[in-house]
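Residue-level structural notes
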Amino acid sequence: MGGRHVHSARRLLEGALDGPSDAQDGPDEEEIVRAAREAVAELGAPERLLPLVRELAEGVGGSSGCALLSYRHVLGFDKLLLIDGGPRHMLRAHVWHPGSEAREDIHNHRSPLASCVVRGALGMELYEPVDPSASGGIAASWYRESLSGEEGDWHLEPAGRARLRLTQTAEYAAGSGYALPSYALHRAWCASTGPTVTLFLETGAGRRQYTDVFTCADTHASEVTKKPLEVRDYLAELTALADLIGLS
């Protein structure tokens, strides 16, 4: 259950992404990508997102469950679950902090996604795999990442060596966004002098069992533990998030 803004966001996501419960064949990935981009652009408008986050910060909308799936992400940002749509969709806020030279590992996702920048700016690179014996590009260690254990910790299994070619570099300012199919290899980083806030929509269509992760380091930890937020810390993070959005 939830308040007015939570209920409205749930209805929009369900209408855009879920489709009839008895449908035999759901929309293809291209359609999901398009629908997800439209939904996240609408929900990411500050006049709609701000009251939603303020309502959630008051404890509306299943705080305990969302707190268990909110944490400091291994890829370098704070991940706050806003709307839990189960296996069909999850709406999150990502808070990226400036001042770090670290960037995400290059990776793809288990399902199509869409994101919009609410505050600040986000840098983004897209990659494609090439013949490992070819010259040029980036040599990388390839891992298959899956979820393990009750907490859904990250398990990374070595899959060999790879070579990737950079295909696109972009910077997304507040008000802009992007959507990607599940297989798209990318990495992102905070590209502003202050915090960057993005609204991130993960869909459930065609969810794969693992993601591909590429790192330029020689080795990667085989298991990375998630540290979920306590409810009070989760609510405090939402309050701080509302302040950031309000200053946008």
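Residues numbered from 1 in each chain as written. Predicted model: local features only at pLDDT ≥ 70, side-chain atom pairs only at ≥ 80, totals over all residues. Heavy atoms only, no water.

Below, the discussion takes up the packing of helix α1 (residues 4-18) against helix α2 (residues 29-43). Relative to each other, α1 and α2 sit at 165 degrees, their axes nearing to 9 Å. One way to sum up the angle between α1 and α2 is to call them roughly antiparallel. As for how α1 packs across α2, the hand of that crossing is right-handed. On α2, the residues that touch A9, L12, L13, A16 and L17 of α1 are I32, A35, A36, A39, E42 and L43. Counted by class, the contact of α1 with α2 contains 10 nonpolar, no polar and one charged residues. (Axes fitted to C-alpha atoms, helices over the stretch in contact; angles between N-to-C directions. Helix = DSSP H or I, 4+ residues; strand = E, 2+ residues; numbered from the N terminus. Parallel < 35°, antiparallel > 145°, perpendicular 65-115°, else oblique. Left-handed = near helix turned anticlockwise from the far one by under 90°. Contact = heavy atoms within 4.5 Å. Nonpolar A, V, L, I, M, F, W, Y, C, P; charged D, E, K, R; others polar.)

To continue, consider the nonpolar core. Core analysis: the largest hydrophobic core is formed by 40 residues, its most contacted members being L13, L199, L238 and L241. Those residues in contact with L238 that lie beyond four places of it in its chain are V53, L56, A57, L80 and L82. The next biggest cluster of nonpolar side chains, apart from the first, holds 15 residues, and it includes F77, W96, M124 and L180. (Core = buried A, V, L, I, M, F, W, Y, C linked by side-chain atoms within 4.5 Å. Buried < 20%, exposed > 50% of the residue type's maximum accessible area, 1.4 Å probe, protein only.)

Take the packing of aromatic side chains next. Overall, the coordinates contain three aromatic pairs when judged by the stated rule. Ring centres of F77 and W96 lie 4.5 Å apart, and the angle between their planes is 35 degrees; this geometry places the pair in the tilted category. One end of the pair, F77, is in strand β2 (residues 77-84); the other, W96, is in strand β3 (residues 89-96), and 19 residues separate them in sequence. In this structure, F77 and W96 share a single accessibility class: buried. For the pair Y172 and Y178, a centre-to-centre distance of 5.1 Å together with 40 degrees between the ring planes defines the contact as tilted. (Phe/Tyr/Trp six-rings, centres within 6.5 Å; stacked < 30°, edge-to-face > 60°.)

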